[in-house]
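Secondary and tertiary structure notes
Residues per chain are reported as follows:
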Amino acid sequence: MLFDKRNANTLPLTSTGNWSVEEDILTKEESPLNLRRSSIISGKEKALIHLKLKLSLLKILIRQYRNPLDWIKGLRFLIKLRRRFLGDHVLNKMAFVDGKYYMGLFTPGWNDQVYERFIASELKNFKENNTAAFRFNHVFLAITKKCALRCEHCYEWESLNKKETRTTAEIQATVQRLQDFGTAQLHFTGGEPMLKIDTLISLMQKATEETNFWMNTSGLKLTSINARRLKEAGLTGVFISLDHYQAEAHNSFRNYKDAFYWATEGAKNARNNGLVVAFSICMTKEFVNEENIRKYMDLAKDTGVHFVQFLEPKNVGHYKGKEVSLNDGQIKLLENTFLKMNFSNGYLDYPLITYHGYYQRKHGCYSSGKKGLYVDTDGDINPCTFCHRKSGNILDPDIEEKLEQMTTSGCPEF
Ligand code: SF4
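The shown structure was predicted, so the numbers you read here are calculated from the model rather than taken from an experiment.

What counts and what doesn't
Residues numbered from 1 in each chain as written. Predicted model: local features only at pLDDT ≥ 70, side-chain atom pairs only at ≥ 80, totals over all residues. Heavy atoms only, no water. Near = heavy atom within 4 Å. Nonpolar A, V, L, I, M, F, W, Y, C, P; charged D, E, K, R; others polar. Pairing = 2+ DSSP bridges. Helix = DSSP H or I, 4+ residues; strand = E, 2+ residues; numbered from the N terminus. Axes fitted to C-alpha atoms, helices over the stretch in contact; angles between N-to-C directions. Buried < 20%, exposed > 50% of the residue type's maximum accessible area, 1.4 Å probe, protein only. Contact = heavy atoms within 4.5 Å. Phe/Tyr/Trp six-rings, centres within 6.5 Å; stacked < 30°, edge-to-face > 60°.

**Describing the site of the ligand**
Every residue near the ligand is listed here: C147, L149, C151, C154, L160, G191 and R254. Residue composition of the shell around the ligand, grouped by class: five nonpolar, one polar and one charged.

Structure representation (structure tokens):
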């Protein structure tokens, strides 16, 4: 693959940047945090937790409504809501990380303080209650244009490594604003957010605990020390981009010779320091076949990640104007893999799979200001990370109006 120098104006293009693998050495005092086990649970253990979870839903209903009839109707509403997404499929495993139980990447972990408010927000569609609802389930917030990688599919290609337009104070004000709106999950993206690790830590330290913070990263610089610092500052989990089970193929896709090292080592360091870990893969048409997916899932299991996120390629950013869509057979294969690995008993020790395309084709888009949003590197709001339609700046005084317009226009694809 030819090296594209188009966006090379601000970073040294040495392919490895300044970050060598030798950085990843711990001193005795910096060893991983001593946390509870982190694993995929199933069988009786999962059944018991599921029962406790259902009881906790009942407790939430009792706290939200006085009328016992509402408790029953509310529980039915929640069951219906779950069925709407999963159909009759029963998830027979969960990720257990640092004392919390996760069934999906975009739902707060059970037992987390954000969980009750998340459920109470959903219940407002059943009947009004006194909890301040989350306006957004998830917001992606890009905190830098800088990145050492040059990925084949980068959705931020047009702004990558251009001059930063936002100050740390503005990003801080953005986090504050999103928390004021009510945001259950805030995902820091870029560029590469790890290049701004001190900013990340300070943003989380200054924020309130009403939001779960996540980071979308290539894994660059995600040493054990840094994973520990992020965990201590309040990070819940990381999405680490890994697009192939073979090192050379991933490094070539990412145009960076240590990309595979950082993705896999970063995942282990994050896991060992109590973070929820997801591999995120861009399912290119060259990659999608049964053998590749199986080998990839084997690697994910052996690395010990909790989730794998399947992303379909979109013709935005570096893929703009290119024919990157999967064919129907490939989509079917991804859907079957998603259903088989999540809901059958043959893959209980494999990571859980999140596959947005599956739900979007069934239910439409939940982003576009409805439940989600993308705030880009200029602070402008967009329907999602793959749908770039700037609709005003998040710090504009009339942002409510602009959000409304964006939500009304909706997602052009789903
Ligand atoms: S996709 Fe992410 S890691 Fe790759 S070049 Fe773009 S910002 Fe960097």
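**A closer look at the sheet that holds strand β2 (residues 93-97)**
The sheet built from three strands is open, its strands ordered β1-β2-β3 with antiparallel pairing. Two strands lie at the open edges of the sheet, namely β1 (39-42) and β3 (100-102), each paired on one side alone. Mean inter-strand twist for the sheet, computed between neighbouring axes without regard to direction, equals 40°. Of the pairings in the sheet, the one linking β1 to β2 comprises four bridges and is antiparallel in character.

**Here's the deal with unusual backbone geometry**
The peptide bond linking G190 to G191 adopts the cis configuration, its omega dihedral lying at 15°. Within the secondary structure, G191 is located in the loop between β5 (183-189) and α5 (197-206). Within the chain, K221 stands out as a residue other than glycine whose phi angle is a positive 65°. Structurally, K221 is set in the loop between β6 (212-217) and α6 (224-233). One non-glycine residue, N255, lies in positive phi territory at about 55°. Locating N255 in the fold gives a position in the loop between α7 (247-254) and α8 (259-272).

**Comments concerning the pairing of strand β8 (residues 276-282)**
Of all the seven residues making up β8, seven are buried; the element is thus mostly covered by neighbouring parts of the structure. Side chains of β8 alternate between two faces, with V276, A278, S280 and C282 and V277, F279 and I281 buried alike. Of the strand pairs in this sheet, strand β7 (residues 235-241) and β8 are connected by five bridges, and their pairing is parallel. Each bridged residue has a counterpart across the sheet, and for G237 the counterpart in β8 is V276. Two strands pair when backbone bridges link them, and β8 and strand β9 (residues 307-311) are joined in this way by five bridges, in the parallel orientation. Following the sheet pairing, S280 is matched in β9 by Q309.

**So, α5**
Of all the residues in α5, the buried ones are I197, T199, L200, I201, L203 and M204. Its buried side turned inward, α5 meets α4 (168-181), β5, β6, α6 and β7.

**Overview of the sheet that holds β7**
In spatial order, the strands read β10-β9-β8-β7-β6-β5-β4-β11-β12; together these nine strands make up an open sheet with mixed pairing. In this open sheet, the two edge strands, each paired with only one partner strand, are β10 (352-355) and β12 (381-382). Sheet strands in contact with helix α11 (residues 356-363) are β9 and β10, and its direction is about 45° off that of β10.

**Description of the packing of aromatic side chains**
The description of an aromatic ring pair rests on the distance of the ring centres and on the angle between the ring planes. Counted by the stated rule, this structure contains 22 aromatic pairs. Consider the rings of Y65 and F126, whose centres lie 5.7 Å apart with planes at 90°: the pair is edge-to-face. On the criterion of sequence distance, the pair formed by Y65 in the loop between α1 (43-64) and α2 (68-86) and F126 in the loop between α3 (113-123) and β4 (136-142) is long-range, its members being 61 residues apart. For the pair F106 and F140, a centre-to-centre distance of 6.4 Å together with 55° between the ring planes defines the contact as tilted. Here F106 is found in the loop between β3 and α3, whereas its partner F140 is found in strand β4, with 34 residues between them in sequence. The pair F106 / F140 is uniform in exposure class, with both members buried. Site record: aromatic cluster; members linked through ring pairs are F310, F338, F343, Y355, Y358 and Y359.

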